[in-house]
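Examining the three-dimensional arrangement
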Amino acid sequence: MDAKDVPAEAKDAGDADRTTDKTTDVDFLFDYIDSVMKSPAWDSEVMGFIDENCMVFDNEEENKFEYTVIHEKFAEVVESLLTTHLHDISITPEAFAEACERARFASRSNKEVFEKLLALTDFLTFKKLMVKRNMELELEAIQELQQAQVPIIAPSDEEEAEQLFQMALKESAEMSVAEAKAVFEKAKEAQAKGAKDG
């Protein structure tokens, strides 16, 4: 039987099967990327970057040039992670971009994955995330100081408060997370030693 002898209904059914296969392949790709973004390895890389760089971000409306530089580095980290995971399943970034263009709204889960990826590249979303994480880390540090019974002395007036705040911001911006933890540990040791001696 030649191709011209195949009934039109059978041809249409074959086309529908190929379309379904393509949709299934694309859905698989979106599901795969979703599972990658929920994996501990992804979380470790992304949150590690955020934790190392969030100290620079404050809650002011002004967007500093430094924020843009960090955001660009973050986008590079995300793109590299995504490319690596796509490579693991023999998909090129270009093929993934084409799949996003074709099927990003084909299902609710595809749309959610696509929106998560877009959020990772959006500067304002990134800034909010960085400010939030910086505040969380500051709160954790305060709680650890309180648990270690390190006295937290309030400044005597607004001017002193602002000076101390600016000094702390400058020092924290210059200090890595590891250095900050080392300083904290030294303070705890000194506090413990002082309690023993006293």
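Up top you'll find the structure we're talking about.
Quick summary incoming for the structure in this document. (Residues numbered from 1 in each chain as written. Predicted model: local features only at pLDDT ≥ 70, side-chain atom pairs only at ≥ 80, totals over all residues. Heavy atoms only, no water.)

Quick look at the pattern of salt bridges now. For the coordinates displayed, the defined rule picks out 10 salt bridges. The residue K38 makes a salt bridge to D34 at a minimum N-O spacing of 3.1 Å. The class of D34 is buried, set by a relative accessible area of 17%. The shortest N-O distance in the salt bridge between E136 and K132 comes to 3.1 Å. You can see E136 and its partner K132 sitting in helix α6 (residues 123-147), four residues apart, about one turn around the helix. With relative accessibility at 29%, the residue E136 sits in the partly exposed group. (Salt bridge = Lys/Arg side-chain N within 4 Å of Asp/Glu carboxyl O. Buried < 20%, exposed > 50% of the residue type's maximum accessible area, 1.4 Å probe, protein only. Helix = DSSP H or I, 4+ residues; strand = E, 2+ residues; numbered from the N terminus.)

Turning our attention to the packing of helix α2 (residues 40-53) against α6. At their nearest, the axes of α2 and α6 sit 9 Å apart, and the two run at 70 degrees to each other. Our classification of the angle between α2 and α6 gives roughly perpendicular. Contacts from M47, F49, I50, D51 and N53 in α2 reach F126, L129, M130, R133 and L137 in α6. Looking at side-chain class alone, the contact of α2 with α6 contains seven nonpolar, one polar and two charged residues. (Axes fitted to C-alpha atoms, helices over the stretch in contact; angles between N-to-C directions. Parallel < 35°, antiparallel > 145°, perpendicular 65-115°, else oblique. Contact = heavy atoms within 4.5 Å. Nonpolar A, V, L, I, M, F, W, Y, C, P; charged D, E, K, R; others polar.)

What follows is about helix α3 (residues 65-88). For α3, spanning 24 residues, the distance from its first C-alpha to its last is 35 Å, which sits close to the expected 34 Å at 1.5 Å a residue. Restricting attention to buried positions, one finds in α3 the residues Y67, I70, H71, F74, V78, L81, L82, H85 and L86. Once α3 ends, the next one or two residues include S90, with phi positive near 60 degrees. (Expected span 1.5 Å × (residues − 1).)

Let us now look at the packing of α3 against α6. It is the contact of α3 with α6, at a shortest axis distance of 11 Å, that shows an interaxial angle of 100 degrees. One finds that α3 runs roughly perpendicular with respect to α6. Residues Y67, T68, I70, H71 and F74 of α3 lie in contact with α6, whose contacting residues are F123, F126, K127 and M130. Taken together, the residues that form the contact of α3 with α6 break down as six nonpolar, two polar and one charged.

Attention shifts here to unusual backbone geometry. Here S90, not a glycine, exhibits a phi torsion of approximately 60 degrees, which is positive. Tracing the backbone through its elements, the reader meets S90 in the loop between α3 and α4 (93-103). Overall, S90 belongs to the exposed group, its relative accessible area being 68%.

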